[in-house]
Amino acid sequence: MDGRELELSNLDKVLYPRTGWTKGEMIDYYVRVAPVLLRYLRGRPLTRIRHPNGVAEQGFFEKNAPAGTPDWVRTVTLPVPGSTRLRETIDYVVVEDVATLVWLANLAAIELHTPQWRVSRAGKPAAPDLLVADLDPGPGVGLAECALVAVAARERFALDGLAAAPKTSGRKGMQLVCRLPGRDTSDQISEYAKTVAEDLERALPELVVSRMARNLRAGKVFFDWSQNAAAKTTVAAYSLRAGDVPTVSAPLSWAEVESGRLAPLGPDEVLARVAADGDLLAA
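Bear in mind the structure is a predicted one, so any value in this text is a computation, not a measurement. (Residues numbered from 1 in each chain as written. Predicted model: local features only at pLDDT ≥ 70, side-chain atom pairs only at ≥ 80, totals over all residues. Heavy atoms only, no water.)

(A) View of the packing of aromatic side chains. Within this structure, the stated rule accounts for four aromatic pairs. Considering the side-chain rings of Y29 and Y30, the 5.3 Å spacing of their centres and the 55 degrees angle between planes classify their relative orientation as tilted. A single burial state applies to Y29 and to Y30, both of which are buried. Taken together, a centroid distance of 6.3 Å and an interplanar angle of 35 degrees make the contact between Y40 and Y238 tilted. (Phe/Tyr/Trp six-rings, centres within 6.5 Å; stacked < 30°, edge-to-face > 60°. Buried < 20%, exposed > 50% of the residue type's maximum accessible area, 1.4 Å probe, protein only.)

Structure follows, in structure tokens:
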């Protein structure tokens, strides 16, 4: 695979007990979806959520390259100011090819999360090239309400010349992604996203909340602008999520969002959509 020899283990291990979905099936999904998934991983320091014993047990976030990382896997060393583990730097994995993706999947890295910025070939962080808005439904609302907020947010972004593309979070909410020219800092983009959130809250006070306090979220959609902070990551398009059943952070068409009839999508559904429609985020 990519000229590499990989030793895979425990392919029959069940990672999702409710459905019996195995590690072998997860690896197969990641291989088949790699032609579109890799677009959203290349050049980005990767945070993984690993579940070696399956999703029924607590997983763990992993940023540092694990012991035994092959020498052909790309890593970048970056500073981590304010680390809770008092680290000065972290050696991040950067997924550039299918072989690295499969190697991580064999380690039960179910979820793949990336920042809104890339690193250069020399390993230096570049200015963010993405803006992400995370639409998180509070108690009493769901994807249908997220869809309403997404359409309103699309029009608000368009006022500033930004084209927003929608995807599911793979859980209960949605995300909007806007391509940026790569000129502004993370702080500037976060401040802009916060302004958009506040504008939407003023326009739709019965539906949108821009403040982080959880006691304000009942019956509303939280427009999380903070995902654009330099240290934050967002689940990558086409990444699996570690819920009761295997679901995917799946790109959507605006026609689907406007219909309001949205539901979580599983790996087989996503692969079928890619085969039929290509990558809905590609534009």
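Back to the write-up after that little detour.
(B) Structural view of the environment of G59. Within the secondary structure layout, G59 lies in the loop between β3 (45–50) and β4 (60–62). With residues up to four places along the chain from it excluded, the contact list for G59 reads R50 and H51. (Helix = DSSP H or I, 4+ residues; strand = E, 2+ residues; numbered from the N terminus. Contact = heavy atoms within 4.5 Å.)

(C) The state of the cysteines, seen in detail. Applying the stated criterion to the full structure yields zero disulfides. The closest cysteine sulfur to the non-disulfide-bonded C146 is located on C178, 16 Å from its own sulfur. Residue class for C146 comes out buried when judged on its relative accessible area of 0%. (Disulfide = S-S within 2.5 Å.)

(D) Molecular detail of helix α6 (residues 267–277). Residues of α6 that are buried: P267, V270, L271 and R273. Along the axis of α6, the buried positions cluster into a sector of 160 degrees, meaning they face one direction only. In this structure, α6 carries D268, A275 and A276 as exposed residues pointing more than 90 degrees from its buried face. Where α6 is buried, its residues touch β2 (21–22), α1 (23–37), β14 (240–242), β15 (246–248) and α5 (254–259). Looking one or two places after α6, you find G278, whose phi comes out positive at around 75 degrees. (Arc of directions from axis to C-beta.)

(E) Seen up close, the sheet that holds strand β10 (residues 174–179). Strand order in the open sheet made by the five strands is β9-β10-β8-β12-β11, with mixed pairing throughout. Every interior strand has two partners, whereas the edge strands, β9 (164–168) and β11 (208–209), have only one. Contacts between helix α3 (residues 143–158) and the sheet are confined to β8 (130–137), β9, β10, β11 and β12 (221–224), with β10 contributing the most and set at about 20 degrees to the helix. (Pairing = 2+ DSSP bridges. Axes fitted to C-alpha atoms, helices over the stretch in contact; angles between N-to-C directions.)

(F) Expanded view of the pattern of salt bridges. Counted under the stated rule, the structure contains 21 salt bridges. Between R39 and D279 there is a salt bridge whose closest N-O contact spans 2.8 Å. On the criterion of sequence distance, the pair formed by R39 in the loop between α1 and β3 and D279 in the segment after α6 is long-range, its members being 240 residues apart. Residues participating in the shared-partner salt-bridge network are R44, R118, D129 and R179. (Salt bridge = Lys/Arg side-chain N within 4 Å of Asp/Glu carboxyl O.)

(G) Examining the pairing of strand β6 (residues 89–94) more closely. Looking at chain direction, β3 and β6 are connected through two bridges and run antiparallel. Opposite P45, over in β6, you have V94 as the bridge partner. In terms of strand pairing, strand β5 (residues 75–79) meets β6 through five bridges, oriented antiparallel. Within β6, the residue paired with T75 across the bridge is V93.

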